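# Tertiary structure, described
Now for the letters of each chain:
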Amino acid sequence: MSTLGKILIIDDNPKLLEDALPMYGYDVTVATDGLMGLKLLAEDNSSFDLILLDVVMPNLDGWETLKSIRENDKTKHIPIIMLTAVNEDNKQISGLKFGADDYITKPFILPNLLARIEALLRRSKWSSEKKHAGALPFVTSEPISPLTSREKEILTLVAKGASNADIADKLFVREVTVKTHLNSIYKKLNVDNRVQAVLLAIQTQIIDS
C-alpha cells in the first residue's frame, strides 16, 4: 500500500501524532527522544521524507538533535518541522541557524499541521538538495521588496535572538522605532512574524546565517 510520505516523529509524547497521521495516509515511525531519533536516522535502510521534532525532550533536546541532523550528509536535506510548546520567538530564532524548515506551536490544530506537512513534502520534491524560499510553507508568490540597510541591520540582530528592547539599546533608538522597522520588514517579505522573516531572509541570503 502506497503512502503519502514516511514521517519520523521525534517526541517524548507522540501519541496524538502517532495515532492521527496514519489515518491521513502517512507512514509513521516514532522515537521518544533525540538520541533514539538519531539512531533511527543512522540505520542503513532508513529513509524518511519529513521529520516532526519536538523541542523539549529528555536525553537530547530538539535543538541539539536538529543540529546533529543538519551536520550529517545523509540527513541534512530532510525537511523538519519543529514542535514548540510555547510561542517564544527568540528561542525559535536561536535554532534557525541549524536549519529548521518550519515551526508549529503546541497545542496545535491538526489540519494546520497537516497543511504544513503537505506543503513541505510537495516543495521538497521540487528541490532535491538546494533549499530556497519556495520550500517554506508560508511563502507566497508575491514579489519581495528590497530591505533598507537599517532593516537588514535590525533583521540580523533579530536572527541573533535579540529582543526589540535589545535592538533599541544597541542602535540608540526607541523601541517603537524598532517595531515600525519590523512591520516594514514583514510587509516587504510578505511574512507574518519575526520567525518567518528570519527563516526567509537566511534561506534567500538577504542576511547571513
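The structure contained in this document is the topic of the report that follows.

Rules behind the numbers
- Residues numbered from 1 in each chain as written.
- Predicted model: local features only at pLDDT ≥ 70, side-chain atom pairs only at ≥ 80, totals over all residues.
- Heavy atoms only, no water.
- Helix = DSSP H or I, 4+ residues; strand = E, 2+ residues; numbered from the N terminus.
- Contact = heavy atoms within 4.5 Å.
- Expected span 1.5 Å × (residues − 1).
- Buried < 20%, exposed > 50% of the residue type's maximum accessible area, 1.4 Å probe, protein only.
- Arc of directions from axis to C-beta.
- Salt bridge = Lys/Arg side-chain N within 4 Å of Asp/Glu carboxyl O.
- Axes fitted to C-alpha atoms, helices over the stretch in contact; angles between N-to-C directions.
- Parallel < 35°, antiparallel > 145°, perpendicular 65-115°, else oblique.
- Left-handed = near helix turned anticlockwise from the far one by under 90°.
- Nonpolar A, V, L, I, M, F, W, Y, C, P; charged D, E, K, R; others polar.

### Looking at the environment of Leu-8
Within the fold, Leu-8 resides in strand E1 (residues 5–10). Along the backbone, Leu-8 and Leu-53 are 45 residues apart, and their C-alpha atoms lie at a distance of 8.3 Å. Non-local contacts of Leu-8, meaning those with residues more than four positions away in its chain, are made with Thr-29, Ala-31, Gly-37, Leu-40, Leu-41, Phe-48, Leu-50, Ile-51 and Leu-52.

### Thoughts on helix H8 (residues 175–189)
Between its first and last C-alpha, H8 extends 21 Å over 15 residues, near the 21 Å set by a 1.5 Å rise per residue. Along H8, the residues that are buried comprise Val-178, Leu-182, Ile-185, Tyr-186, Lys-188 and Leu-189. Take H8 and look down its axis: the buried residues cluster within an arc of 165°, on one side only. Looking at the buried positions of H8, the neighbouring elements they touch are helix H6 (149–159), helix H7 (164–171) and helix H9 (194–203).

### Focus on the pattern of salt bridges
As enumerated under the stated definition, the model contains 8 salt bridges in all. Across the salt bridge formed by Asp-19 and Lys-15, the nearest N and O atoms sit 2.9 Å from each other. Of this pair, Asp-19 and Lys-15 are both found in helix H1 (residues 15–20), 4 residues apart, which corresponds to roughly one turn of the helix. Notably, a salt bridge pairs Glu-153 with Arg-150, separated by 3.1 Å at the nearest N-O pair. Taken as a pair, Glu-153 and Arg-150 lie in helix H6 at a separation of 3 residues, close to a single helical turn. Several salt bridges converge on common partners, so that one network encompasses Asp-11, Asp-54 and Lys-106.

### Concerning the packing of helix H2 (residues 34–42) against helix H3 (residues 62–71)
It is the contact of H2 with H3, at a shortest axis distance of 9 Å, that shows an interaxial angle of 15°. Comparing the axis directions of H2 and H3 gives the class roughly parallel. In terms of crossing hand, the pair formed by H2 and H3 is right-handed. Residues Gly-34, Leu-38 and Leu-41 of H2 form the contact with H3, whose participating residues are Thr-65, Ser-68 and Ile-69. For the contact of H2 with H3, a count of residues per class yields 3 nonpolar, 3 polar and no charged.

By themselves, these figures tell us nothing about what the structure is for.
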